[in-house]
Amino acid sequence: MSEVIGVIGAGYVGAATAAGFAHLGYSVAVVDTDAAKVDGILCGRSGLTEPGLDDLIEAAHENSTITASTSYSVLTDATIVFVCVPTPMRSDGAADLTFIDTALSGVEPYLEPDDVVVLKSTVPVGTGDAVAERLGSAGVHVVNNPEFLREGHTVEDFLAPDRVVVGGDPAAIKRVTALYRSLHSPIVEVDRASAELAKYACNSFLALKLSFVDELATLAERVGADITEVTDVMAHDDRIGSHFLSPGPGWGGSCFPKDTRALISTATSVERPMRTLAAAVDANEAQTQRIAALIADRLDEPDAAVTLLGLTFKAGTADLRESPALDIALTLSKQGVRVFAHDPTITSAESLVARMPLENPADPSQPTLPVILADPYALDVDTRVIAIVTEWNDYRSLQWSLVAARCPHAVVIDTRGIVDAALVRSAGLQLYRIGIAEDWL
Ligand SMILES: NC(=O)C1=CN([C@@H]2O[C@H](COP(=O)(O)OP(=O)(O)OC[C@H]3O[C@@H](n4cnc5c(N)ncnc54)[C@H](O)[C@@H]3O)[C@@H](O)[C@H]2O)C=CC1
Ligand SMILES: O=C(O)[C@H]1O[C@H](OP(=O)(O)OP(=O)(O)OC[C@H]2O[C@@H](n3ccc(=O)[nH]c3=O)[C@H](O)[C@@H]2O)[C@H](O)[C@@H](O)[C@@H]1O
């Protein structure tokens, strides 16, 4: 327990890492450039909608095992520093490493010989070697330890990972893996390039699987099949597995979109193009636009309105980054459709501004932000389409008779396959489920 943990960046990954190591008994110091995040941690809160995270941070706060600051000097005593800053997408698709560079510049003055810097952010192949070269002359070791947690499950996944992957300096790897030993998860030691590539490989493979299933759902609609029966058959094959077989409005979030493009960019730069992945990215964009078109096709009057149920990129998170729901809202709004939306985590349209850039928000003839509904029953009477875009449990158990009483002519489009068809239809509403041919033919 002699190691002192430093964490740079207190977002989804950094907050879970800090809280998790504090829970495992380590003393943790966090630095974040966002003063609100730091103040939150100093009061025992993460500021994130993540089950169990605030409990761990509050416990660490009470035990004085966590501290935080906007100043890198808080890392002075840290012996192993985890870098958990963003690696967003550049306009050319490659990963933007500016935040990594700034984080390293910030921590460098506080590093001592034999300290370890751990790259937990998702970084392209070659980044770890470059960082090792940069810090090596000061006697600092570098380890790649890519993270595989999911939003909405950050604590659960941090404390019980399918695997812990480490690559890099062998002596330092021993010290990093020792931190995780009490979790009893498989530890996979690989070379640095393989650790970096494996992280992109996992996200990209899952994205490929989803694009395949989304296209299969479209095909099922046309040829008389039921996607739930098709994927059930697939899931019985252990080689295929049962996860990531639910079609939807397209995959989104802070990582799949940027990581697939970053891998394509890496592959292209060494003239080893990843054609399958490029096709999956194209198919994903087409899937979201297909859903927008299906909605638009069911609007029979110029004044007809649409209500989107769900805005986050998936259920269980308040994260709106790269959410297909926002793309659908924007596409419809550009066509002059009045768009309303409900999401359990969104109380006002203001939180959408950063994620839905509009050219002229004040001009009602231009695309506008969706009007946020306080509850899913507060529907505009001219609503013609109610589309379930995010698979929140709230929408599985809607009282469809209340919906029908307000909007008897609305049709329901379920892009996630979560509603009970009999209940929707017994309320007198027409229903279209993704991938179910009998609804569309
Ligand atoms: N969100 C996720 O589920 C997962 C993300 N990752 C990867 O982890 C990395 C971080 O992702 P998130 O945690 O989602 O990001 P995030 O956007 O939630 O949080 C990043 C945090 O870093 C802070 N920050 C930015 N620059 C800083 C600097 N120079 N010094 C100190 N703090 C700084 C920001 O204020 C923010 O609080 C990315 O590379 C991402 O691809 C990996 C696995 C899962
Ligand atoms: O690198 C990352 O950031 C993380 O990215 C994903 O985690 P996350 O972005 O939280 O979301 P997922 O649960 O993987 O969902 C991604 C997208 O796929 C969609 N999805 C998922 C599963 C499914 O069956 N169908 C489906 O459409 C979701 O709605 C969502 O838009 C990976 O699952 C994590 O392992 C990884 O660590």
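Please refer to the structure placed before this passage.
Quick caveat: nothing in here was measured; it's all calculated off a predicted structure. (Residues numbered from 1 in each chain as written. Chains lettered and ligands numbered in written order. Predicted model: local features only at pLDDT ≥ 70, side-chain atom pairs only at ≥ 80, totals over all residues. Heavy atoms only, no water.)

Each helix and strand in the protein was counted, giving 16 helices and 14 strands. If you line up the protein on its principal axes, its C-alpha atoms span 70 × 45 × 40 Å. Expressed as a percentage of the 441 residues in the protein, the buried residues total 53%. A fraction of 71% describes how many contacts in the protein between residues 6 or more apart in sequence connect residues 24 or more apart. Element-wise, carbon and sulfur atoms account for 53% of the exposed surface of the protein, whose accessible area totals about 19600 Å². Counting 32 positive and 60 negative side-chain charges, the protein places the averaged centre of each group 4 Å from the other. (Helix = DSSP H or I, 4+ residues; strand = E, 2+ residues; numbered from the N terminus. Buried < 20%, exposed > 50% of the residue type's maximum accessible area, 1.4 Å probe, protein only. Contact = heavy atoms within 4.5 Å. Areas by Shrake-Rupley, 256 points an atom, 1.4 Å probe, with all protein chains shown as cover. Lys, Arg positive; Asp, Glu negative; His and termini not counted. Charge placed at Lys NZ, Arg CZ, Asp CG, Glu CD.)

Turning next to the sheet that holds strand β13 (residues 411-414). Overall, parallel pairing links the 6 strands, which are arranged β11-β10-β9-β12-β13-β14 in an open sheet. Each edge of the open sheet carries a strand with a single partner, namely β11 (371-372) and β14 (430-433). Contacts from helix α12 (residues 324-334) reach β9 (305-309) and β10 (338-342), with the element oriented near 175° to β9. (Pairing = 2+ DSSP bridges. Axes fitted to C-alpha atoms, helices over the stretch in contact; angles between N-to-C directions.)

As a structural note, the neighbourhood of ligand 1 is formed by 29 residues, with Val-13, Asp-32, Tyr-72, Thr-87 and Lys-258 the closest of them. Between ligand 1 and Val-13 there is a distance of 2.9 Å, counted from an oxygen atom to a backbone nitrogen or oxygen. One of the backbone nitrogen or oxygen atoms of Thr-33 is found 3.4 Å away from a nitrogen atom of ligand 1. For ligand 1, whose unbound accessible area comes to 830 Å², protein coverage reaches 91%. Among the secondary structure elements, those contributing two or more residues to the shell around ligand 1 are α1 (12-23) and α4 (98-107). Considering each element in turn, the shell around ligand 1 owes the most residues, 3 residues, to α4. Grouping the amino acids of the shell around ligand 1 by side-chain chemistry returns 13 nonpolar, 8 polar and 8 charged. (Near = heavy atom within 4 Å. Polar contact = N/O pair within 3.5 Å; in protein donor to acceptor, adjacent residues only side chain to side chain. Nonpolar A, V, L, I, M, F, W, Y, C, P; charged D, E, K, R; others polar.)

Let us look at the sheet that holds strand β3 (residues 66-69). Taken in spatial order, the 8 strands line up as β3-β2-β1-β4-β5-β6-β7-β8 in an open sheet, and their pairing is mixed. Pairing within the sheet leaves two strands with one partner each, and these edge strands are β3 and β8 (187-190). Each adjacent strand pair in this sheet contributes to an overall mean axis angle of 25°, direction not counted. Bridging between strand β5 (residues 116-119) and strand β6 (residues 141-144) involves 4 bridges; their strand directions are parallel. Paired with Val-116 across the two strands is His-141, which belongs to β6. Each of β1 (4-8), β4 (80-83) and β5 is contacted by α4, which is oriented at about 155° to β4, the strand it contacts most.

This part is about the pattern of salt bridges. Should the charged atoms of two oppositely charged side chains come close, the side chains can pair. Throughout the structure, instances matching the rule amount to 22 salt bridges. Across the pair Asp-300 and Arg-384 runs a salt bridge, and its minimum N-O distance is 3.4 Å. On the criterion of sequence distance, the pair formed by Asp-300 in the loop between α11 (275-297) and β9 and Arg-384 in strand β12 (residues 383-388) is long-range, its members being 84 residues apart. Under the relative-accessibility criterion, Asp-300 is labelled exposed at 55%. Between Asp-382 and Arg-338 there is a salt bridge; the shortest N-O distance is 3.5 Å. With Asp-382 in the loop between β11 and β12 and Arg-338 in strand β10, this pair connects stretches of sequence that are 44 residues apart. Under the relative-accessibility criterion, Arg-338 is labelled partly exposed at 30%. One network of salt bridges, with partners in common, ties together Arg-425, Arg-433, Glu-438 and Asp-439. (Salt bridge = Lys/Arg side-chain N within 4 Å of Asp/Glu carboxyl O.)

Turning our eyes to something else, we now look at the site of ligand 2. The immediate surroundings of ligand 2 are formed by 18 residues, with Leu-149, Glu-151, Lys-199, Ser-246 and Cys-255 found nearest. In this structure, an oxygen atom belonging to ligand 2 sits 3.0 Å away from a main-chain N or O atom of Gly-252. Calculation on ligand 2 without its partners gives an accessible area of 700 Å², and the protein chains cover 89% of this total. Looking at the shell around ligand 2 element by element, the count peaks at 3 residues for helix α8 (residues 192-223). Per-class residue counts for the shell around ligand 2 are 9 nonpolar, 3 polar and 6 charged.

Attention now goes to the side chain of Glu-3. Position of Glu-3 among the secondary structure elements: in the segment before β1. Residue Glu-3 is classed as buried on the basis of its relative accessible area, which comes to 14%. Side chain to side chain, Glu-3 and Thr-79 meet in a polar contact 2.7 Å long. A distance of 2.9 Å separates polar atoms of two side chains, one belonging to Glu-3 and the other to Arg-175.

Fair warning: the whole summary comes from geometry, so function is off the table for now.
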